[in-house]
Amino acid sequence: MQPDLILRNATVIDGSGKSRYAADVAIAGDRIAGIGRFEHPDLPVLDARGQVLAPGFIDSHTHDDGYLLAHPDMTPKVSQGITTVVTGNCGVSLAPLVREQVPQPLDLLGPPSLFRFRSFAAWLDALRAAPPAVNVIPLVGHTTLRVAAMADTQRPATAEEIAAMRDLMEEAMQAGAFGMSTGTFYPPAAHAPTQEIIDVGAPIRARGGLYATHLRDEADHIVPAMQEALDIGRALDCLVVFSHHKLAGGKNHGRSAETLAMIERASGMQPVCLDCHPYPATSTMLRLDRVRISRRAMITWSKGYPQAKGRDFADVMRELGLGDEETLQTLSPAGAIYFLLDEQDVRRIMAHPLAMVGSDGLPFDPHPHPRQWGTFTNVLRTLVREQEVLSLEQAVHKMTGLAARNYGLAERGLLQPGYYADLVLFDPDRVADRATFEDPIQISQGIQGVWVNGRRVWQDGAAGTARPGMVLTPTRTTE
């Protein structure tokens, strides 16, 4: 096939973890046509000398379910080199659910008007009818299933409710879900016992899906929470993804050595992996248990007291002259950023061979955590260039080939002839995040070009008009 574009003199980092090399890369249609040396004087050529060409980055943990529909340009993601997003994490997916009002944490996905899909297939059909700029790996959320099937989520589900959730789960898997996520940390799923999750997730075992989990506890009781996740993975005979792995609160700082050793031991007996981001702070709904173990808590939005946005909880509490419980009641519903992680734990987790990179951003927050706009370029700046925790090849592998292997993506995640042309071209000496906690909505620098399925979606510091994203299909699915 005649190439459409040649990227000449690129430094190729292919996503496998192997050393870089110099080559030309030819793109034809939606595929990588060849890698080597090409002389086609009549074809478009992009001089990539001094630039790294890598597979497009895979964001292993997002809450972009609704953002894909509302903002299909996906500027926060393509601007940092991301070409594929994993949706439906932490038990929270947009479908299958129709509600005029949704409980927290479902509102993390955006306004209630987005919750308009009675089936998982209907949401995927909407994405196919109006494609975004990036590819999508969809998960279905157990919390969403609970809200859809139960009038009262503050208790274990009945046998009839479990059956209803399992039917919705089966429909989602048939439609193309890669698996199920849980968020038993959050109120709508906190009362779900282990067996309920196993029973609802039965279609995973039958169809070869995966299980991603926001653990019940990421603080003092993280070990039993991790053990529960491993037990569920064995019962469902599937990969366990430990979402945004972290140790919350000062008394747990340093325990990543313990939890990572636990994951390593488990990996000898069952498939496991984890995702993480490079920041010492987390973000979710406003909760006092998080405020009380944080060095600092910053309000990202508040319906009860909108002027709190972007300000510290402690300052707002003093301004109101209230205690923390009364301040919470005044602000709620609300979201916050919590500074409760240890940077050494963050580096240790990011460096682990089983760790993928996931932003965990909340795209509709008025004052979001900077991870929504800067996770991947932050890794390249801080962990690769400044701190030398990772080599560039290792970092790219975590963002591409490792994630593609864990999610079972066919012909993606590596820069190889015949693979899909999901590509990012960047300046290794200049690439950096600009998003900060104080000013979080900032595009990254040093990302020269991004291609999704062979079409350019980022050029000259701006998103293009192409919308070549696809709903990806799980290769593990069996009938």
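Everything numeric here is computed off the predicted structure, so don't read it as measured data.

What counts and what doesn't
- Residues numbered from 1 in each chain as written.
- Predicted model: local features only at pLDDT ≥ 70, side-chain atom pairs only at ≥ 80, totals over all residues.
- Heavy atoms only, no water.
- Phe/Tyr/Trp six-rings, centres within 6.5 Å; stacked < 30°, edge-to-face > 60°.
- Helix = DSSP H or I, 4+ residues; strand = E, 2+ residues; numbered from the N terminus.
- Lys NZ or Arg CZ within 6 Å of the ring centre and 35° of its normal.
- UniProt positions renumbered as here; feature names shortened; annotations may be inferred.
- Pairing = 2+ DSSP bridges.
- Axes fitted to C-alpha atoms, helices over the stretch in contact; angles between N-to-C directions.
- Salt bridge = Lys/Arg side-chain N within 4 Å of Asp/Glu carboxyl O.
- Buried < 20%, exposed > 50% of the residue type's maximum accessible area, 1.4 Å probe, protein only.
- Domains from an automatic or database assignment.
- Contact = heavy atoms within 4.5 Å.
- Buried area = accessible area lost by both parts, 1.4 Å probe.
- Polar contact = N/O pair within 3.5 Å; in protein donor to acceptor, adjacent residues only side chain to side chain.
- Nonpolar A, V, L, I, M, F, W, Y, C, P; charged D, E, K, R; others polar.
- 1 Å grid on protein atoms, 1.4 Å probe; cavity = no way out; pocket = protein on both sides within 12 Å on 5 of 7 lines; lining within 4 Å.
- Points joined across faces, edges and corners; volume = space filled by probe spheres on them.

### Some points on the packing of aromatic side chains
In total, this model carries seven aromatic pairs according to the counting rule given. Taking the centre distance of 5.8 Å and the plane angle of 15° together, the rings of F57 and F376 count as stacked. Placement of the pair is F57 in strand β6 (residues 57-59) and F376 in helix α15 (residues 371-386), with a sequence separation of 319 residues. In textbook terms, an aromatic cluster arises when at least three aromatic residues are bridged by ring pairs, as seen for F57, F376 and F426. Looking at R287, its charged tip hangs above the ring of F185, at a distance of 3.7 Å from the centre.

### Observations regarding the UniProt feature "domain: Amidohydrolase" (unreviewed entry) in the chain
When the UniProt feature table is mapped to this numbering, "domain: Amidohydrolase" (unreviewed entry) covers residues 45-185 and 344-457. Taken end to end, residues 344-457 has its terminal C-alpha atoms 35 Å apart, with 33% of it in helix and 14% in strand.

### Some thoughts on the sheet that holds strand β18 (residues 334-339)
In spatial order, the strands read β16-β18-β17; together these three strands make up an open sheet with antiparallel pairing. Two strands lie at the open edges of the sheet, namely β16 (281-285) and β17 (296-302), each paired on one side alone. Put simply, the sheet's adjacent strands are angled 20° from each other on average, direction ignored. Pairing analysis gives five bridges linking β16 to β18, with the strands arranged antiparallel. For M285, the partnering residue across the bridge sits in β18 and is G335.

### Some details on the pattern of salt bridges
Scanning the model with the defined rule gives 31 salt bridges in all. Between D289 and R287 there is a salt bridge, and its shortest N-O distance comes to 2.7 Å. Look at R287 and you get buried, because its relative accessible area is 15%. Among the ionic pairs, D422 bridges to R412, the shortest N-O distance being 2.7 Å. Here D422, found in the loop between α17 (401-406) and β20 (423-426), pairs with R412, found in the loop between α17 and β20; they are ten residues apart in sequence, far enough to count as distant. When salt bridges with common partners are traced through the structure, they connect R8, D24 and R37 into a single cluster.

### Brief notes about the domain arrangement of the chain
Split by domain assignment, the chain resolves into domain 1 (56-280 + 341-407) and domain 2 (285-339). Between the C-alpha centres of domain 1 and domain 2 there is a distance of 25 Å. Facing the 19 residues of domain 1 at the interface are 16 residues of domain 2. When domain 1 packs against domain 2, close to 1400 Å² is buried across both sides, 60% of that on carbon and sulfur atoms. Summed over the three residues of domain 1 that lose the most area to domain 2, namely Q104, F185 and H367, the buried surface amounts to 38% of that side. On inspection of domain 1 and its partner domain 2, the count reaches zero salt bridges. Linking domain 1 with domain 2 are six residue pairs in polar contact (both at pLDDT 80 or more). Across the side of domain 1 that touches domain 2, the residue classes tally to eleven nonpolar, six polar and two charged.

### Looking at unusual backbone geometry
Note that the residue after A95, namely P96, is joined by a cis bond; omega there is 5°. Turning to its location among the elements, P96 is positioned in the loop between β7 (82-87) and β8 (97-98). At N453, a position not held by glycine, the phi torsion is positive, near 50°. Following the sequence through the fold, N453 ends up in the loop between β21 (447-452) and β22 (455-459). Note on N453: relative accessible area 6%, which makes it buried.

### What about the layout of surface pockets?
What the largest pocket holds in volume is close to 250 Å³. Lining the largest pocket are 15 residues, and of these D107, G110, P111, W301 and K303 sit closest to its centre. Per-class residue counts for the lining of the largest pocket are nine nonpolar, three polar and three charged. Residue assignment places the lining of the largest pocket across two domains, with domain 1 (56-280 + 341-407) and domain 2 (285-339) each supplying three or more. Taken as a whole, the second largest pocket encloses approximately 200 Å³ of empty space. Forming the boundary of the second largest pocket are 16 residues, of which P278, P280, E343, N378 and T382 lie nearest the centre. Mapped by element, the contributors of at least two residues to the lining of the second largest pocket are α14 (343-351) and α15. Top contributing element to the lining of the second largest pocket by residue count: α15, with four residues. Taken together, the residues of the lining of the second largest pocket break down into eight nonpolar, four polar and four charged.

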